[in-house]
Amino acid sequence: MEAFLTFLTYVGYVSTIIVIISSITGVVLWARGILPVLLRLGNGLANSKIAVFARADNLSSIKNLLLDSGLFLEKNIVEISTKKDMGRAEGISLYIASWSDWENEIDAILSQKGDKTALMIYAPPGSIPPDQMANLDEKRNVAVANFRGRLLTDIIVSIITRSSTR
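Notes on the structure in this doc start here. (Residues numbered from 1 in each chain as written. Predicted model: local features only at pLDDT ≥ 70, side-chain atom pairs only at ≥ 80, totals over all residues. Heavy atoms only, no water.)

1. A look at the nonpolar core
Part 1 of the reasoning: The biggest cluster of nonpolar side chains holds 20 residues, and the ones touching the most others in it are Phe 53, Ile 80, Tyr 95, Ile 109 and Ile 121.
Part 2 of the reasoning: At the level of elements, strand S1 (50–53), strand S2 (77–80), strand S3 (94–98), helix H3 (99–102), helix H4 (106–112) and strand S4 (118–122) are the ones that each hand at least two residues to this core.
Part 3 of the reasoning: The element contributing the most residues to this core is H4, with four residues.
Part 4 of the reasoning: Here Tyr 95 is in contact with Ala 51, Phe 53, Ala 89, Ile 109, Gln 112, Lys 113, Thr 117, Ala 118, Leu 119 and Met 120, once residues within four sequence places are set aside.
Part 5 of the reasoning: In this structure, Ile 50, Val 52, Ile 77 and Ile 96 belong to the second largest nonpolar core, which totals 19 residues. (Core = buried A, V, L, I, M, F, W, Y, C linked by side-chain atoms within 4.5 Å. Buried < 20%, exposed > 50% of the residue type's maximum accessible area, 1.4 Å probe, protein only. Helix = DSSP H or I, 4+ residues; strand = E, 2+ residues; numbered from the N terminus. Contact = heavy atoms within 4.5 Å.)

2. Examining the pattern of salt bridges
Part 1 of the reasoning: Under the defined criterion, the tally for this structure stands at five salt bridges.
Part 2 of the reasoning: Of the charged contacts, one joins Asp 115 and Arg 140 as a salt bridge, the two residues approaching to 3.7 Å between their closest N and O atoms. In this pair, Asp 115 is assigned in the loop between H4 and S4 and Arg 140 in the loop between helix H5 (130–138) and strand S5 (142–145), connecting sequence segments 25 residues apart.
Part 3 of the reasoning: Residue Asp 115 is classed as partly exposed on the basis of its relative accessible area, which comes to 48%.
Part 4 of the reasoning: Salt bridges sharing common partners tie together Lys 63, Glu 74 and Glu 79. (Salt bridge = Lys/Arg side-chain N within 4 Å of Asp/Glu carboxyl O.)

3. Some remarks on the pairing of S5
Part 1 of the reasoning: By the bridge criterion, four bridges tie S4 to S5 in an arrangement that is parallel. Across the sheet, the residue bridging to Ile 121 is Val 144, located in S5.
Part 2 of the reasoning: Read from S4 through H5 to S5, the crossover connection turns out right-handed. (Pairing = 2+ DSSP bridges. Right-handed = clockwise from strand over helix to strand, strands pointing away.)

4. A few points about the pairing of S2
Part 1 of the reasoning: Where S1 meets S2, four bridges bridge the pair, whose relative direction is parallel. The partner of Ile 50 across the bridge, within S2, is Ile 77.
Part 2 of the reasoning: One crossover worth recording links S1 to the parallel S2 by way of helix H2 (residues 56–68), and it is right-handed.

5. Overview of the sheet that holds S2
Part 1 of the reasoning: Judged by pairing direction, the sheet is parallel, and its five strands sit side by side in the order S2-S1-S3-S4-S5 without closing on themselves. Sheet topology places S2 and S5 at the edges, where each strand pairs with a single neighbour. Neighbouring strand axes in the sheet, compared pairwise and without regard to direction, differ in orientation by 20° on average.
Part 2 of the reasoning: Two strands pair when backbone bridges link them, and S1 and S3 are joined in this way by four bridges, in the parallel orientation. Following the sheet pairing, Ile 50 is matched in S3 by Leu 94.
Part 3 of the reasoning: Contacts from helix H6 (residues 148–162) reach S3, S4 and S5 within the one sheet, and its direction differs from that of S4 by about 180°. (Axes fitted to C-alpha atoms, helices over the stretch in contact; angles between N-to-C directions.)

Printed below as a string of C-alpha cells:
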C-alpha cells in the first residue's frame with residue numbers, strides 16, 4: 001500500500017508540472033497572439049481618424065452607424081461632402097466613401113489615398129459597373145461593402161491591420 005501511495009505522489013508531481021507548463025505556455029501564446037491584436041484594435045479605435053466621403057442622408061447614415069456602434073468617437077470622424085474638402089482627408093488612414101455620392105469623383109479619392117490608406121466603399125449590390133470594379137480591384141487596401149453591418153466589420157478589420165502598437 002505504501003508503494004502505491006508513493007507512486008500516486010510521483011504521478012501528482014508530474015501532473016502538477018504538466019499543468020504549470022501548460023498554463024505558462026497558454027499565457028505566452030495568448031500574449032503573442034491575442035494581445036497584439038487587442039492593442040492594435042484599442043489604439044486604432046482611440047486614435048484613428050476616419051474620413052467619410054458622403055453627402056446629406058448618406059453622410060448622416062454612415063456617421064450614425066459609426067457612432068451608434070459605440071466604438072468610435074465623433075471627434076475622430078472627418079466629414080468630406082464636396083471635392084473642395086478633400087484636402088481635409090490628408091494624413092487620415094481610413095476612408096469611407098458612399099458610392100452613390102462619389103461615383104463620379106472616385107478617381108480623385110483613389111489618387112489622394114496612399115497605399116497604406118484603407119478605402120471602404122459602401123455601395124448597393126450591383127451599383128458598381130464591372131469596369132470600375134476592376135479598377136478598384138487593382139488598388140491596394142480597397143474593399144467594397146454592400147451592407148451596413150459588413151461595412152462596420154470591414155472598418156474594424158482595417159483598423160486592426162493598419163494600427164500599430166505604438
